[in-house]
Amino acid sequence: MIISVASGKGGTGKTTVATNMALSIGSGVQLLDCDVEQPNAHLFLHPVFDRTETVTTPVPEIDMDKCTLCGKCGDICVFKAIVVVGETVLPFEELCHSCGGCMAVCPEKAITEKGRELGVLQKGHRNGVEFIQGKLRMGEAMSPPLIKAVLALRDPTKITIVDAPPGTSCPVIETMKPADFILLVTEPTPFGLNDLKLAVGATRILNIPCGLVINRSDIGDDKVKKYANLENLPILLEIPFDRQIAEAYSRGDMIVDVMPEWKAKFLELYEKIKDLYVEQSS
Ligand code: SF4
Ligand code: SF4
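Residues numbered from 1 in each chain as written. Chains lettered and ligands numbered in written order. Predicted model: local features only at pLDDT ≥ 70, side-chain atom pairs only at ≥ 80, totals over all residues. Heavy atoms only, no water.

Draft legend 1. Quick look at the overall build of the protein chain. For the protein chain, the count of helices and strands is eleven helices and eleven strands. The principal-axis extents of the C-alpha atoms in the protein chain amount to approximately 70 × 45 × 40 Å. By the burial criterion, 49% of the 282 residues in the protein chain qualify as buried. Put simply, of all contacts in the protein chain between residues at least 6 apart along the chain, 72% involve residues at least 24 apart. Accessible surface, the protein chain: about 13500 Å² in total, of which carbon and sulfur atoms supply 54%. (Helix = DSSP H or I, 4+ residues; strand = E, 2+ residues; numbered from the N terminus. Buried < 20%, exposed > 50% of the residue type's maximum accessible area, 1.4 Å probe, protein only. Contact = heavy atoms within 4.5 Å. Areas by Shrake-Rupley, 256 points an atom, 1.4 Å probe, with all protein chains shown as cover.)

Here it is in structure tokens:
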């Protein structure tokens, strides 16, 4: 089962929920941090890292000795990532989506592929939880291929919890697509509600069952609850605005380490997700 923990906006407590649920379930869980632009689950989980791999994406390399400047590579590239300029062919690696089209159409076989570094994959573990994160190279804009590389390491024999990037753009959709269940984390504020609506819209398009965690549930107003009611969104957990929780977060501690009574609540959250998933897929 893949549970994607997402939120319409950053700062709602998505990583707190993902890490604490993973650690509460313990062994047999895989936690994938797909928030590759700013992975921070490791700051709370404190895993022991034992492997780092570089992830690359193929981009074209031109052999100008073979090139006849026919322009076919530029014609096929909808991303304008390769152009014939004067007496040379210029690839723009940052714009390239690695589709291989230019290489396929080149009549002179003048194009080969080379790897462009996207970032790294890091693997580690803590208390039986297998942890994998992607870390995008500084200045790199193309995050979906790195997210795909993290997701490709999913172990189908385990419960996979995915910490998705915030928002509702391409990287988030990439992370939601393989999920069996999407857990949306929000807060009861006008911004929280606005971005929750966008995230719910995405889950509806993808046709994946979802449920809600309301963080800092005793601040703000009741509009998120009213919306959840209207949209038939089950509220699976409410986390109050609590000084001890806030202090644990600011120190980089896990809630379940500082307040062990929360372990049962996160386990109950997982059980509710499992029940809803079984119910909705039968
Ligand atoms: S691989 Fe695809 S996206 Fe990249 S330059 Fe060639 S045609 Fe364009
Ligand atoms: S398709 Fe091949 S031969 Fe034609 S311009 Fe591009 S690299 Fe040169």
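Draft legend 2. Representation of helix α5 (residues 144-151) within the structure. When we look at burial in α5, the residues that qualify are L146, I147, A149, V150 and L151. As for α5, its buried residues are in contact with β2 (29-33), β3 (48-62), β6 (111-126), β7 (129-136), β8 (159-163) and α6 (170-176).

Draft legend 3. Examining the site of ligand 1 more closely. What surrounds ligand 1 is the set P60, C77, F79, A81, I82, C96, H97, S98, C99, G100, G101 and C102. The cavity that encloses ligand 1 is the largest cavity. (Near = heavy atom within 4 Å. 1 Å grid on protein atoms, 1.4 Å probe; cavity = no way out; pocket = protein on both sides within 12 Å on 5 of 7 lines; lining within 4 Å. Sits in = over half its atoms within 2 Å of the grid points.)

Draft legend 4. Quick look at the site of ligand 2. Around ligand 2, the structure places 13 residues, and the nearest of them are C67, C70, G71, C73 and C106. In this structure the site holding ligand 2 corresponds to the second largest cavity. Grouping the constituent residues of the shell around ligand 2 by class yields ten nonpolar, two polar and one charged. (Nonpolar A, V, L, I, M, F, W, Y, C, P; charged D, E, K, R; others polar.)

Draft legend 5. Layout of empty space enclosed by the protein. Using the criterion set out here, one finds three cavities of 30 Å³ or more in the structure. As a volume, the largest cavity reaches approximately 130 Å³. As for the largest cavity, its lining consists of 15 residues, of which P60, C96, C99, G100 and C102 are closest to the centre. Of all elements in the fold, only β3 and α4 (101-105) reach the threshold of two or more residues within the lining of the largest cavity. For the lining of the largest cavity, the residue count by class is eleven nonpolar, three polar and one charged. Looking at the second largest cavity, its volume works out to about 100 Å³. As for the second largest cavity, its lining consists of 15 residues, and the residues nearest its centre are C67, C70, C73, C106 and I111. When its residues are assigned to classes, the lining of the second largest cavity shows eleven nonpolar, two polar and two charged. (Points joined across faces, edges and corners; volume = space filled by probe spheres on them.)

Draft legend 6. Local environment of the layout of surface pockets. Of the volumes computed, that of the largest pocket is approximately 420 Å³. Lining the largest pocket are 23 residues, with G11, T12, G13, T16 and Y249 positioned closest to its centre. Of the residues belonging to the lining of the largest pocket, the class tally is eight nonpolar, ten polar and five charged.

Draft legend 7. Here's a closer look at the pattern of salt bridges. What the rule picks out here adds up to 18 salt bridges. Here E140 and R116 are joined by a salt bridge, their closest N and O atoms 2.4 Å apart. With E140 in the loop between β7 and α5 and R116 in strand β6, this pair connects stretches of sequence that are 24 residues apart. In terms of burial, E140 and R116 fall into one category: buried. (Salt bridge = Lys/Arg side-chain N within 4 Å of Asp/Glu carboxyl O.)

Draft legend 8. Here's a closer look at the sheet that holds β7. Pairing is mixed in the open sheet, where nine strands are placed in the order β3-β6-β7-β2-β8-β1-β9-β10-β11. In this open sheet, the two strands that pair with only one neighbour each are β3 and β11 (235-239). The average angle at which neighbouring strand axes cross in this sheet is 20°, direction not considered. Across 14 bridges, β3 lies against β6 in antiparallel orientation. (Pairing = 2+ DSSP bridges. Axes fitted to C-alpha atoms, helices over the stretch in contact; angles between N-to-C directions.)

Draft legend 9. Just the nonpolar core, in detail. Among the nonpolar cores identified, the biggest contains 36 residues, and I182, L184 and L212 are the most heavily contacted of them. Discounting residues that sit within four places of it in the chain, L212 has contacts with L183, L184, T186, L196, V224, A228, L233, P234, I235, L236 and L237. Formed by 35 residues, the second largest nonpolar core is a distinct cluster that contains F44, L237, I239 and W262. (Core = buried A, V, L, I, M, F, W, Y, C linked by side-chain atoms within 4.5 Å.)

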